[in-house]
Amino acid sequence: MEPLTRGSFSSSIGDSAELEGNLTLSDRLKAFKNSRFDPDAYITSKCNHMNEKEIRLLCSQLVGLKKASAEEMRKSVYANYSAFIRTSKEISVLEGQLLSLRNLLSSQTTLVHRLAEGVRNDYFSANDDDSMDEDISTFENEELSVSESWLSDFLDNLEVLLAEKRVDEVLAALDQGTSMLEAANGNHSLTPTALFSLQNAISEQRQKLVDQLAETTSQLSTRGAELRSAASALKVLGDGTRAHTLLLSSHHQKLQKNIQSLRSSSTASGAAFTAALSQLVFSTIAQGARDSLAVFGEEPAYSSELVTWAVKETEGFALFLKRLILASTASAGGLRVVTECVQICLGYSSLLEASGLSLSPVLLRLFRPCVVEALCAYIKRIEQSSAALAAAEDWLLSYPPSAESSLSSTGLLSHSIALQPKLSISAHRFNSMVQDLLEDVGSLESMQLDGLALDGVLEVFNSYVDLLINALPGSTENEEDVHNIIRMAETETQQVALLANASLLADELLPRAALKLSPSSQSNRVDMTPRRASERQNLLPEHREWKRKLQRLVDRLRDSFCRQHALDLIFTEDGDIRLNGQIYTFMDDSTEEPEWFPSPIFQEFFCKLTQTAIIVTDMFVGRERSATILLMRMTETVILWLSEDQSFWVEIEEGPKPLGPLGLQQFYLDMEFVMLFSSEGRYLSRNLQQVIKNIIERAIDVVAATGIDPYRKYLLQLHSLINSCFGSVLPEDDWFAEVAQIAIKMLIGKANFGNNVERDDTSPTASSIVSHGSN
């Protein structure tokens, strides 16, 4: 055999697989439905040039096709239950009509025999003498006497057997009578009158037995073997459809009685009552299925009626449980109770799947509205609980009480810190309730509530972020009455705690809780503290998008925080602007050399960022990226405001005192100072660096546009000569960096010039900080 090339394999398997992937199951089965289908030829055509790997691939495809075909058959059967039942009932009616027709034909046959017998008697009476008539009358009287005697004994025996409810013997007697009736019709051993009497007697006694068996089946006291025996006897009598219906009806009546007894005698509620009720209902359905199979076998008509009955009983049970427990519990937000009850019901119903009864879809369809209502109500409870705690919140971070009380050793401390990070009181409550919500929803994986649960958590987290924003003293997002019910975060530590709450929830706690919704977490929940890398790998695409939405909500809070602190820096309490163009435009009016040091507002900005860095370092332990982003955003907020403030630039560019060389040098120093301490603090972003460069270039353009000044040597003859003449207006870049570095050391109390100071015109010594640029 020649080796199979990759091209031949692609053409034989790959192309066909790609083609069949776009076909429906019906189209893919057409080849097998053909009356001329030859299995051997099909296998030969597929496997003639295949190696072992390709044959295994074909086998796997055939197995998949077999499973799909079986699933299609199962769906078809479930979809046509009503048609099966209707057909079975029509067949039963037809059987009854055939039985009536047979009885009518038997009656007609008897009538014909009687007419023939009458004609024969008239013929003999007209042609025979009186002696012959006497002999015939004597024979007929003797024969009638014997027939009537047997018939009388037969009827008396049937009456006794029916009265004593000896069903098997009654059936045997009826069979004997039927056999006698058929024999008499053939050999004319009975007179037509006796034959007609026997036929009527058999029909009447048969109907009496049917009524007696139906009554026995309908009685609640009839149990087990007696019930099955009565149903079997009805089936033997030709009334199988009625027998099966009565059998299932008997189980229904007993179930209703037992439910009433359970409800009146049981003091349990919630999950305990649901377990007892589920066990009662599904055990009754299982017993009914066993009885049906034992008496009627697997005939399609009876199996369809059984499934319909089981579905109806399950629906009644689900509606009863909803009315009794689930509806009120769901409206009150009792998600845990609702999910436990639904899990119990699904667990008991799954025990019937081995017998072919799949009732879980019925329960899921009926219970889903209750679970959704409980989920929505529970989300509302989270929002209300968080708001209530925020009214008395001190906005201080701590471990949850459960973690603190369980700490008994240093080893447990580190594990508890990783498992239970520090949050404020309201954030702990929020996290706990969301964890419970996602765990409860995750336990009902078959209901596919993941998207609804994640959307609900996103919604309630948005409400919680609104609470945190309103806790900022300068927040103006909502009405003033909202601030009256939320305790303000007065200190900067409390305000940073607001960010710590939101960022920790959005970065770690909520995404970790969302993992409970993934199928893999249902089987293994031991490791509740996976690494962040593995968390990202386990998150589904929709979970990753959900996490990005959480981050955007945190950005809202961060922006509000930074905007508040930027406004506190830029504006005074009276509303005046501290960061204005006059800081720089008035410097050139002074006759003395200025003391080169960052402007007071930027010194204060540095001190604020330094203090904030200390606070966030303590609060964002292990989450340095969040701390860096906060400091970066705070710095960008101030610088972007400066870049976009039109009043600042109008005053510098078009004011009565445009920016001069000394003002430009001071402005350059301030910007270099911001870049330096941002860089050393590791929160200098590319965006901030580019914005500062653009601001400096704009300020240089302002000075260049002033033209020539004959009384000072810091002149820019033309804007095109900025690079060549820049040294006469501004010092070298190293000078700004060194002055800014010295300023940072002085502001943090680490400046120590000592004997290392070299007094020259090019080094930023202590004297050069005081005056620079004079000769």
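Residues numbered from 1 in each chain as written. Predicted model: local features only at pLDDT ≥ 70, side-chain atom pairs only at ≥ 80, totals over all residues. Heavy atoms only, no water.

Chemist: Can you lay out the overall build of the chain for me, pointing to particular residues and giving the numbers?
Modeler: Helix and strand counts for the chain come out as 33 helices and zero strands. In the chain, buried positions account for 41% of the 775 residues. Taking all contacts inside the chain whose residues are at least 6 apart in sequence as the whole, residues at least 24 apart take part in 75%. In the structure as shown, the chain presents an accessible area of about 41,800 Å², 53% of it carried by carbon and sulfur atoms. (Helix = DSSP H or I, 4+ residues; strand = E, 2+ residues; numbered from the N terminus. Buried < 20%, exposed > 50% of the residue type's maximum accessible area, 1.4 Å probe, protein only. Contact = heavy atoms within 4.5 Å. Areas by Shrake-Rupley, 256 points an atom, 1.4 Å probe, with all protein chains shown as cover.)

Chemist: Account for the pattern of salt bridges, naming residues and giving values.
Modeler: The tally for this structure, following the rule as stated, stands at 14 salt bridges. The partner of R556 in a salt bridge is D466, with the nearest N and O atoms 2.7 Å apart. Within this pair, whereas R556 is found in helix α24 (residues 541-570), its partner D466 is found in helix α19 (residues 450-470), the two being separated by 90 residues in sequence. Here the salt bridges share partners, and the residues they tie into one network are D555, R558, D559 and R633. (Salt bridge = Lys/Arg side-chain N within 4 Å of Asp/Glu carboxyl O.)

Chemist: Explain a negative patch on the surface to me, using residue names and the numbers behind them.
Modeler: Together, D568, E573, D574 and D576 line one region of the surface with negative charge. You can see D574 is positioned in the loop between α24 and α25 (582-585). Residue class for D574 comes out exposed when judged on its relative accessible area of 71%. (Patch = residues over 30% accessible without salt bridge, like charges linked within 9 Å, V, L, I, M, F, W, Y side chains within 5 Å. Lys, Arg positive; Asp, Glu negative; His and termini not counted. Charge placed at Lys NZ, Arg CZ, Asp CG, Glu CD.)

Chemist: Go over empty space enclosed by the protein, please, and point to the residues and values.
Modeler: The final tally for this structure, using the stated rule, is two cavities of 30 Å³ or more. Each pocket or cavity is described by its volume, and for the largest cavity that value is around 40 Å³. If you trace the largest cavity, you find it lined by C562, H565, A566, L569, F605, K608, M634 and V638. Of all the elements, α24 adds the most residues to the lining of the largest cavity, at four residues. Looking at the lining of the largest cavity residue by residue, the class counts come to six nonpolar, one polar and one charged. Here the second largest cavity defines a volume of roughly 30 Å³. Contributing to the lining of the second largest cavity are L499, S503, R558, F620, S626 and L630. Secondary structure elements with two or more residues in the lining of the second largest cavity: α21 (492-514) and α27 (624-644). (1 Å grid on protein atoms, 1.4 Å probe; cavity = no way out; pocket = protein on both sides within 12 Å on 5 of 7 lines; lining within 4 Å. Points joined across faces, edges and corners; volume = space filled by probe spheres on them. Nonpolar A, V, L, I, M, F, W, Y, C, P; charged D, E, K, R; others polar.)

Chemist: Run through the side chain of H565, naming residues and quoting values.
Modeler: Tracing the sequence through the fold places H565 in helix α24. Within the local environment of H565, its side chain forms a polar contact with the side chain of Q495, the two groups lying 2.9 Å apart. Apart from the residues within four sequence positions on either side, H565 is in contact with E492, Q495, K608 and M634. (Polar contact = N/O pair within 3.5 Å; in protein donor to acceptor, adjacent residues only side chain to side chain.)

Chemist: I'd love a proper account of the nonpolar core, names of residues and values included.
Modeler: L437, F461 and F602 are the most contacted members of the largest nonpolar core, which has 150 residues in total. Those residues in contact with L437, other than ones at most four positions away along the chain, are L335, L375, Y378, I379, I382, A453 and V457. Listed in part, the 15 residues of the second largest apolar core include L227, A231, A233 and F296. (Core = buried A, V, L, I, M, F, W, Y, C linked by side-chain atoms within 4.5 Å.)

Chemist: Tell me about the packing of aromatic side chains, and please be specific about residues and values.
Modeler: How two aromatic rings sit relative to each other is given by the distance of their centres and the angle of their planes. The tally for this structure, following the rule as stated, stands at 17 aromatic pairs. Between Y584 and F648, the aromatic rings sit 6.3 Å apart at their centres with planes inclined by 85 degrees, giving edge-to-face as the arrangement. Of this pair, Y584 sits in helix α25 while F648 sits in helix α28 (residues 646-654), placing them 64 residues apart in sequence. Residue class for F648 comes out buried when judged on its relative accessible area of 1%. Seen from their ring centres, Y668 and F736 are 4.2 Å apart, and the 20 degrees between their planes marks the pair as stacked. Of this pair, Y668 sits in helix α29 (residues 661-680) while F736 is found in helix α32 (residues 733-747), placing the two residues 68 residues apart along the sequence. (Phe/Tyr/Trp six-rings, centres within 6.5 Å; stacked < 30°, edge-to-face > 60°.)

Chemist: Describe a nonpolar patch on the surface, with residues and values.
Modeler: A cluster of nonpolar side chains, namely L94, L98, L101, L104 and L105, defines an oily patch on the protein surface of about 480 Å² accessible area. Considering the arrangement of structural elements, one finds L101 in helix α6 (residues 81-127).

Chemist: Provide a residue-level description of the confidence of the model for the chain, including the pertinent values.
Modeler: Taken residue by residue, the chain gives an average pLDDT of 76. The fraction at 70 or more is 70%. Every residue in residues 1-19 scores below 50 in pLDDT, and together they form 13 contacts with partners more than four places removed in sequence or on other chains. Overall, residues 407-418 carries pLDDT values under 50, and its contacts beyond four positions in sequence, including any with other chains, amount to nine contacts. (pLDDT = per-residue confidence, 0-100.)

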